[in-house]
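# Survey of secondary and tertiary structure
The lines below spell out each chain.
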Amino acid sequence: MRGQFNYSKKVLKHFRNPHNLGSIKQPDGVGEVGNMACGDVMKLYIKVEGNNISEIKFETYGCAAAIATSSVITDLVKGKTINEALEMTNKSVIDSLDGLPPIKIHCSLLSVDALNEAIYNYLVKNKKEIPEILAARHKRIEVLHKH
Ligand code: FES
């Protein structure tokens, strides 16, 4: 059984060498969320071309799990359509990292929520229709992370 600090090889690889780290100048959408429990913050930037996420970057003041999940989510989402990106769950993120210690599961939510917020921000800015599921997530995220 995995202990609190017994991360998978993939988590350690992404933590040591995060992909798509940094910010995007003039992004099409930005999502920023914070974790009330630990105080960690995540910011995720996207560029959208047509209906595809052409570029995605993140910045985080977060733990190893937050960094690794953000890194892997940028890999999973880059080049995907908005709708495909909205299907991303924290389970898909965790699975592609070969799991996370149970105590770190909440950290993976941070990256998924930041992605949803970045897409929400893009759709609002461009006066595009907000899918119902995204509107519901945005409400939940607002209550959870922003108060
Ligand atoms: S402990 Fe805060 S995001 Fe992991």
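None of the values given here were measured: they were computed from a predicted structure. (Residues numbered from 1 in each chain as written. Predicted model: local features only at pLDDT ≥ 70, side-chain atom pairs only at ≥ 80, totals over all residues.)

## Concerning the packing of helix 1 (residues 9-16) against helix 2 (residues 64-77)
The line we're drawing: Here the axes come from fitting lines to C-alpha atoms, over the contacting stretch only for helices, and the angles between their N-to-C directions go from 0 to 180 degrees. Going along the chain from the N terminus, every DSSP run of H or I of four or more residues is numbered as a helix, and every run of E of two or more is numbered as a strand. Orientation categories follow fixed angle ranges, with anything under 35 degrees roughly parallel, anything over 145 roughly antiparallel, 65 to 115 roughly perpendicular, and all other angles oblique. Here the contact rule is simple: place C-beta atoms from the backbone, and any two residues whose C-beta atoms are within 7 Å are in contact. Classes in brief: Ala, Val, Leu, Ile, Met, Phe, Trp, Tyr, Cys and Pro nonpolar; Asp, Glu, Lys and Arg charged; the others, Gly included, polar.
Look at helix 1 against helix 2: their axes get within 8 Å of each other, and the N-to-C directions meet at 85°. With respect to each other, helix 1 and helix 2 are oriented roughly perpendicular. Where helix 1 approaches helix 2, its residues Val-11, His-14 and Phe-15 are matched on the opposing element by Ala-64, Ala-65, Ile-67, Ala-68, Ser-71 and Val-72. Class assignment for the residues of the contact of helix 1 with helix 2 results in seven nonpolar, two polar and no charged.

## Here's the deal with the packing of helix 2 against helix 5 (residues 105-125)
Each packed pair of helices is defined by two parameters, the angle between the axes and the distance between the axes. Basically, it comes down to this: By definition, any crossing whose near helix is turned counterclockwise from its far helix by less than a right angle is left-handed, and any crossing with a clockwise turn is right-handed.
Remark: helix 2 packs on helix 5, axes separated minimally by 8 Å, with the N-to-C direction vectors making an angle of 40°. When the axes of helix 2 and helix 5 are compared, the pair comes out oblique. Note that helix 2 runs across helix 5; the crossing there is right-handed. In this structure, helix 2 uses Ala-65, Ala-66, Thr-69, Ser-70, Ile-73 and Val-77 to contact helix 5, whose residues at the interface are Cys-107, Ser-108, Leu-110, Ser-111, Val-112 and Leu-115. Along the lines of polarity and charge, the residues of the contact of helix 2 with helix 5 split into eight nonpolar, four polar and no charged.

## What to know about the confidence of the model for the protein chain
Atomic detail in the predicted coordinates should be set aside for any region of low pLDDT. Worth spelling out the cut-off: Values of pLDDT, which run from 0 to 100, indicate the predictor's confidence residue by residue.
The share of residues in the protein chain with pLDDT of 70 or more is 95%, and the mean pLDDT across the chain is 92. Model confidence for the protein chain, summarised as mean pLDDT per element, is weakest for helix 6 (residues 132-145) at 90 and strongest for helix 3 (residues 82-86) at 97.

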